[in-house]
Amino acid sequence: VFRLDQVPVIDATGMVALESAVERLRTADITAILHGLRPQPRVVVGRSGLLDHPGVLASADWAETLRLAGQVVGAAALAARVAATLPKPSINLVSS
C-alpha cells in the first residue's frame, strides 16, 4: 500500500520513482494499492497509464484500501491452498 494521501503534487521524477517501485512489485506478483491520490497526483498517475496495469489498484479512503488489501491477501491465500492440494510432478531420470 502506497499511502499517497499526504502527497499534494507529484512531478516527473516522483512519477518515475513510483512507476519503478510499482513495477518491481508487479515483477514479484505483488499487487500495489495507491491510497488517497489527491487531485494533481491523480491526474499525473492517470495520464501515465499506471492505473491501467494489472496488479495496480487505487482507493480514495482508508476503509476501501483495507478492503482491497484483504481481498488481495485472501486471493493469494486461496491460491496457495489450491496449489498445495495439487499433486507434485514426478521426474524420472533414466540413464542410458
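Residues numbered from 1 in each chain as written. Predicted model: local features only at pLDDT ≥ 70, side-chain atom pairs only at ≥ 80, totals over all residues. Heavy atoms only, no water.

### Focus: the overall build of the protein chain
Summing up its helical and strand segments, the protein chain has three helices and three strands in all. Starting at the N terminus and ending at the C terminus, the protein chain contains elements arranged as β-α-β-α-β-α. For the protein chain, whose C-alpha radius of gyration is 19 Å, the value lies well above the compact-globule estimate of 12 Å for 96 residues. Overall, the protein chain is about 65 × 35 × 15 Å in size when its C-alpha atoms are taken along their principal axes. In the protein chain, buried positions account for 22% of the 96 residues. In the protein chain, the proportion of contacts linking residues at least 24 apart, taken out of those at least 6 apart, comes to 68%. Of the roughly 6,700 Å² of accessible surface on the protein chain, a fraction of 62% belongs to carbon and sulfur atoms. When the 9 basic and 8 acidic side-chain charges of the protein chain are each reduced to a single mean position, those positions are 5 Å apart. (Helix = DSSP H or I, 4+ residues; strand = E, 2+ residues; numbered from the N terminus. Rg over C-alpha atoms; globule rule 2.2 N^0.38 Å. Buried < 20%, exposed > 50% of the residue type's maximum accessible area, 1.4 Å probe, protein only. Contact = heavy atoms within 4.5 Å. Areas by Shrake-Rupley, 256 points an atom, 1.4 Å probe, with all protein chains shown as cover. Lys, Arg positive; Asp, Glu negative; His and termini not counted. Charge placed at Lys NZ, Arg CZ, Asp CG, Glu CD.)

### Regarding the packing of helix α1 (residues 12-27) against helix α2 (residues 39-48)
Describing two packed helices takes the angle between their axes plus the distance from one axis to the other. Following both chains from N to C, one finds α1 and α2 inclined at 60°, their axes separated by 11 Å at the closest point. Here α2 runs oblique to α1, going by the angle between their axes. When the axes of α1 and α2 are compared, the crossing they make is right-handed. Only V44, V45 and S48 of α2 make contact with α1, whose side of the interface consists of M15, L18 and E19. In terms of residue class, the contact of α1 with α2 is built from four nonpolar, one polar and one charged. (Axes fitted to C-alpha atoms, helices over the stretch in contact; angles between N-to-C directions. Parallel < 35°, antiparallel > 145°, perpendicular 65-115°, else oblique. Left-handed = near helix turned anticlockwise from the far one by under 90°. Nonpolar A, V, L, I, M, F, W, Y, C, P; charged D, E, K, R; others polar.)

### Concerning the pairing of strand β3 (residues 56-59)
Bridging between strand β2 (residues 32-35) and β3 involves four bridges; their strand directions are parallel. Pairing of L34 across the sheet is with A58, part of β3. Handedness of the crossover is the feature at issue here: the chain leaves β2, passes through α2, returns alongside β3, and the resulting connection is right-handed. (Pairing = 2+ DSSP bridges. Right-handed = clockwise from strand over helix to strand, strands pointing away.)

### A few points about α1
If you check α1, its first and last C-alpha atoms are 22 Å apart, about what 16 residues at 1.5 Å a residue would give, namely 22 Å. For α1, every residue scored as buried is listed here: M15, L18, A21 and V22. Take α1 and look down its axis: the buried residues cluster within an arc of 130°, on one side only. Those residues of α1 that are exposed and angled more than 90 degrees off the buried face are A12, T13, V16, R24 and T27. (Expected span 1.5 Å × (residues − 1). Arc of directions from axis to C-beta.)

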